[in-house]
Amino acid sequence: MKKALFLCLMLSVLLATFSSTAALATKPSTTCPAEQSGFVIVNRDGWWDRTVQGFEFEGIDVYDSSGNFTPDFDAFATTFEFENGEALETFVRVHQWAQIDKNGNDYVCMKDPPNTPGIPDFFFTGLDDNASTKKGQKADS
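Residues numbered from 1 in each chain as written. Predicted model: local features only at pLDDT ≥ 70, side-chain atom pairs only at ≥ 80, totals over all residues. Heavy atoms only, no water.

Peer 1: Explain the overall build of the protein chain to me, using residue names and the numbers behind them.
Peer 2: The helix and strand inventory of the protein chain stands at five helices and three strands. The linear arrangement of helices and strands in the protein chain, starting from the amino end, is α-α-β-α-α-α-β-β. A total of 141 residues make up the protein chain; the buried ones form 39% of that total. In the protein chain, 64% of the contacts between residues at least 6 apart in sequence involve partners at least 24 apart. For the protein chain, the computed accessible surface area is about 8,100 Å², with 56% contributed by carbon and sulfur atoms. (Helix = DSSP H or I, 4+ residues; strand = E, 2+ residues; numbered from the N terminus. Buried < 20%, exposed > 50% of the residue type's maximum accessible area, 1.4 Å probe, protein only. Contact = heavy atoms within 4.5 Å. Areas by Shrake-Rupley, 256 points an atom, 1.4 Å probe, with all protein chains shown as cover.)

Right, here's the structure in full:
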């Protein structure tokens, strides 16, 4: 199941990359595509916050009143072969993020997909805010 989640998340990343090629060709550096595209710039915390919002829209409470992961979220994470909710959070914040933040400036562009059956609300599109910058190169250099 972890492989299935990873493949779904990577498919989202690939779809974002391929579907935004035209937008990337004309956008200024270190910005998201035009506002009408639906992309907004977020940092790593914003990425995680939107992910949590998606889980909660799907009926999966992530945090309890003390700020700890709920048993439901831990159980959800294990269905995708993560050890627990913390491991899923690490995957999203570290491994998934690294696949999108190509220039390493800690900002990416994200967009909610159309509301269609079969696409959970915790899936969305992400692309680097300056996708033409090589990984590790500063956006302003």
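Peer 1: Residue-level account of the state of the cysteines, with values.
Peer 2: Disulfide: a covalent bond connecting the sulfur atoms of a pair of cysteines. In the structure shown here, the tally under the stated rule is one disulfide. Between Cys32 and Cys109 runs a disulfide, and the two sulfur atoms are separated by 2.1 Å. One disulfide, between Cys32 and Cys109, carries an S-S torsion of -100 degrees and so falls in the left-handed class. Residue Cys32 is found in the loop between helix 2 (21–26) and strand 1 (40–42), and its partner Cys109 is found in strand 2 (residues 108–111); the two are separated by 77 residues along the sequence. (Disulfide = S-S within 2.5 Å.)

Peer 1: Just give me the short version of the pattern of salt bridges, but keep the residues and values in it.
Peer 2: The tally for this structure, following the rule as stated, stands at three salt bridges. Between Asp106 and Arg44 there is a salt bridge whose closest N-O contact spans 3.0 Å. Note that Asp106 is positioned in the loop between helix 5 (85–100) and strand 2 and Arg44 in helix 3 (residues 44–57), a separation of 62 residues in sequence. According to the relative accessible area criterion, Asp106 is partly exposed, its value standing at 37%. What makes Arg44 partly exposed here is its relative accessible area of 28%. A salt bridge links Glu89 to Arg93, with the shortest nitrogen-to-oxygen separation between them at 2.8 Å. (Salt bridge = Lys/Arg side-chain N within 4 Å of Asp/Glu carboxyl O.)

Peer 1: Report on unusual backbone geometry, specifying residues and quantitative values.
Peer 2: Of note in the backbone geometry, Glu81 takes a positive phi value of approximately 65 degrees without being a glycine. Along the chain, Glu81 falls in the loop between helix 4 (71–79) and helix 5. Of note in this structure, Asp106 is not a glycine but carries a positive phi near 70 degrees.

Peer 1: Outline the side chain of Asp101, supporting the account with residue identities and numerical values.
Peer 2: Its place among the elements puts Asp101 in the loop between helix 5 and strand 2. This buried residue, Asp101, is left without a salt bridge; Arg44 holds the nearest opposite charge, at 5.2 Å. A polar side-chain atom of Asp101 sits 3.4 Å from the main-chain amide nitrogen of Asn105. (Lys, Arg positive; Asp, Glu negative; His and termini not counted. Polar contact = N/O pair within 3.5 Å; in protein donor to acceptor, adjacent residues only side chain to side chain.)

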